[in-house]
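Each chain, written out:
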Amino acid sequence: MPIKTILLHMANDDAHAGRMAVAAALAKRFSAHIHALYIATPVSMPAGATGRAASYGFMAEATAIAHENAERIEQEVRQALNGLPYDWTIEEGDHVDLLAERASYADLVVVAQSAAVRAGERVSLHNIPDRLPLETATPVLVLPPSQPATAAIGRHVLVAWKNSRESARAVRAAMPFLEAAESVTVLTVEPPGQRSDEAAALTEWLHRHGIAARPQSVIASGGEVGDMILSCCSDQGADLLVMGSYGHSRLRELVLGGATRTVLEGLSIPALMTH
């Protein structure tokens, strides 16, 4: 399905400008409309804040500040999206719930990690990159905290492939990127002593769609699968990772593996995720 509506997560946080720049570039590439959803409820709180009273006080103050900054951030949006079709909405509430509600009417959701949260300086209140792919059928583009505003996305794509519903949905959601990519690598991580043709099978399917992908298999010799995916992204010079998202509950990790958590914690390039 072509990307014609982009849901852009906006908030009074440290990564909103990067998300905005990426959404603008994608809207130009795909001739898409942007729905900028500004959520005034805090995304995170200081790691040192303790106690219910401190939490309530911080939330109330941070929400008031976010409303005060809404006009300034809307001006930033107006400048960044000049000449592009977009609309702007302000809401309060749980970020994942609000984004999931509107994602049904979008083809792509753009969110980002927080550099302060990853550094341990703040505590995430909503875990947006982790939870959102589980709450919506719409693909989610997760940006790393340091995503350069002018960096290209999708010239060199790495698909972390496993023959599962989640991975298959991710690949189909990524087709607008894969069709325009200069190179596509299909990566499978194989258990020691086992070999499969899963990477070759997906590569053959992509070839029929005019996508010149190539297969790559690595052996999981005691290493963390997520770390191996990230290492291959770096080795291949990938600027977009495509993978299924499994969530972080202990049960899901036992059944499906914890690669999603590792990838999100160490992500340095955008990742297109679905569940």
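Small disclaimer: the values here were computed from a predicted structure and weren't measured. (Residues numbered from 1 in each chain as written. Predicted model: local features only at pLDDT ≥ 70, side-chain atom pairs only at ≥ 80, totals over all residues. Heavy atoms only, no water.)

**Student:** Requested: an account of the domain arrangement of the chain, with residues and values cited.
**Tutor:** According to the domain assignment, the chain contains domain 1 (5–143) and domain 2 (156–273). Once you take the C-alpha centre of each, domain 1 and domain 2 turn out to be 26 Å apart. Tallying the contact residues gives 16 residues for domain 1 and 19 residues for domain 2. Here domain 1 is connected to domain 2 by zero salt bridges. Taken together, the links from domain 1 to domain 2 amount to four residue pairs in polar contact (both at pLDDT 80 or more). At the level of elements, helix 1 (16–30), helix 5 (128–135) and strand 7 (140–143) are the ones that each hand at least two residues to the side of domain 1 that touches domain 2. (Domains from an automatic or database assignment. Contact = heavy atoms within 4.5 Å. Salt bridge = Lys/Arg side-chain N within 4 Å of Asp/Glu carboxyl O. Polar contact = N/O pair within 3.5 Å; in protein donor to acceptor, adjacent residues only side chain to side chain. Helix = DSSP H or I, 4+ residues; strand = E, 2+ residues; numbered from the N terminus.)

**Student:** Hey, could you go over the sheet that holds strand 10 (residues 213–219) for me, with residue numbers and the actual values?
**Tutor:** In a beta sheet, neighbouring strands are held together by backbone hydrogen bonds and run either parallel or antiparallel to one another. Spatial strand order, 4-2-1-5-7-12-11-8-9-10: 10 strands in an open sheet with mixed pairing. Here the strands that pair on one side only, and so sit at the sheet edges, are strand 4 (86–91) and strand 10. If you compare each strand with its neighbour and ignore which way they point, the axes differ by 25 degrees on average. Judged from the six bridges that link them, strand 1 (residues 5–10) and strand 2 (residues 33–39) form a sheet pairing that is parallel. By the bridge assignment for strand 2, Leu 7 is matched with His 35. With respect to the sheet, helix 1 is in contact with strand 1, strand 2, strand 5 (108–112) and strand 7, its orientation differing from that of strand 1 by roughly 170 degrees. Sitting on the sheet, helix 8 (residues 198–208) is in contact with strand 8 (156–160), strand 9 (183–190) and strand 10, with an inclination near 170 degrees to strand 10. (Pairing = 2+ DSSP bridges. Axes fitted to C-alpha atoms, helices over the stretch in contact; angles between N-to-C directions.)

**Student:** How would you explain the pattern of salt bridges if you had to name every residue and give the values?
**Tutor:** Per the counting criterion, the structure on display carries 10 salt bridges. Of the charged contacts in the structure, one is a salt bridge between Asp 94 and Arg 131, with a shortest N-O distance of 3.4 Å. Residue Asp 94 is located in the loop between strand 4 and helix 3 (95–103), and its partner Arg 131 is located in helix 5; the two are separated by 37 residues in the primary sequence. The class of Asp 94 is partly exposed, set by a relative accessible area of 23%. According to the relative accessible area criterion, Arg 131 is partly exposed, its value standing at 26%. Taking the shortest distance from any N to any O, the salt bridge between Glu 101 and Arg 102 comes out at 3.9 Å. Through salt bridges with shared partners, one network takes in Glu 91, Glu 101 and Arg 102. (Buried < 20%, exposed > 50% of the residue type's maximum accessible area, 1.4 Å probe, protein only.)

**Student:** Explain the nonpolar core residue by residue, including any values.
**Tutor:** Among soluble globular proteins, nonpolar side chains are generally buried collectively. If you look at the biggest cluster of nonpolar residues, it comprises 51 residues, and the most contacted ones within it are Leu 178 and Leu 206. Ranked by the residues each element gives to this core, the list is headed by helix 1, at seven residues. The residue makeup of this core includes at least three contributed by each of domain 1 (5–143) and domain 2 (156–273). Beyond its immediate sequence surroundings of up to four residues, Leu 206 is in contact with Val 171, Met 175, Leu 178, Val 184, Val 186, Ile 211 and Ala 213. Formed by 36 residues, the second largest nonpolar core is a distinct cluster that contains Val 96, Val 142, Ile 229 and Ala 238. (Core = buried A, V, L, I, M, F, W, Y, C linked by side-chain atoms within 4.5 Å.)

**Student:** Any details on the confidence of the model for the chain? Residues and values, ideally.
**Tutor:** For the chain, per-residue confidence averages 88 on the pLDDT scale, and 92% of positions sit at 70 or higher. Confidence over residues 247–257 falls short of pLDDT 50; this stretch has 16 contacts with residues more than four positions distant or in other chains. (pLDDT = per-residue confidence, 0-100.)

**Student:** Any chance you could break down the environment of Thr 260 for me, citing the residues and the numbers?
**Tutor:** The topology assignment puts Thr 260 in helix 11 (residues 259–266). Along the primary structure Thr 260 and Glu 61 are separated by 199 residues, whereas in three dimensions their C-alpha atoms are 33 Å apart.

**Student:** Residues and numbers for the packing of aromatic side chains, please.
**Tutor:** Throughout the structure, instances matching the rule amount to two aromatic pairs. Between the aromatic rings of Phe 30 and Phe 177, the centroid separation amounts to 5.4 Å while the plane-to-plane angle is 80 degrees, which identifies the pairing as edge-to-face. Of this pair, Phe 30 sits in helix 1 while Phe 177 sits in helix 7 (residues 175–178), and the two are 147 residues apart along the sequence. No difference in accessibility class separates Phe 30 from Phe 177, as the two residues are buried. (Phe/Tyr/Trp six-rings, centres within 6.5 Å; stacked < 30°, edge-to-face > 60°.)

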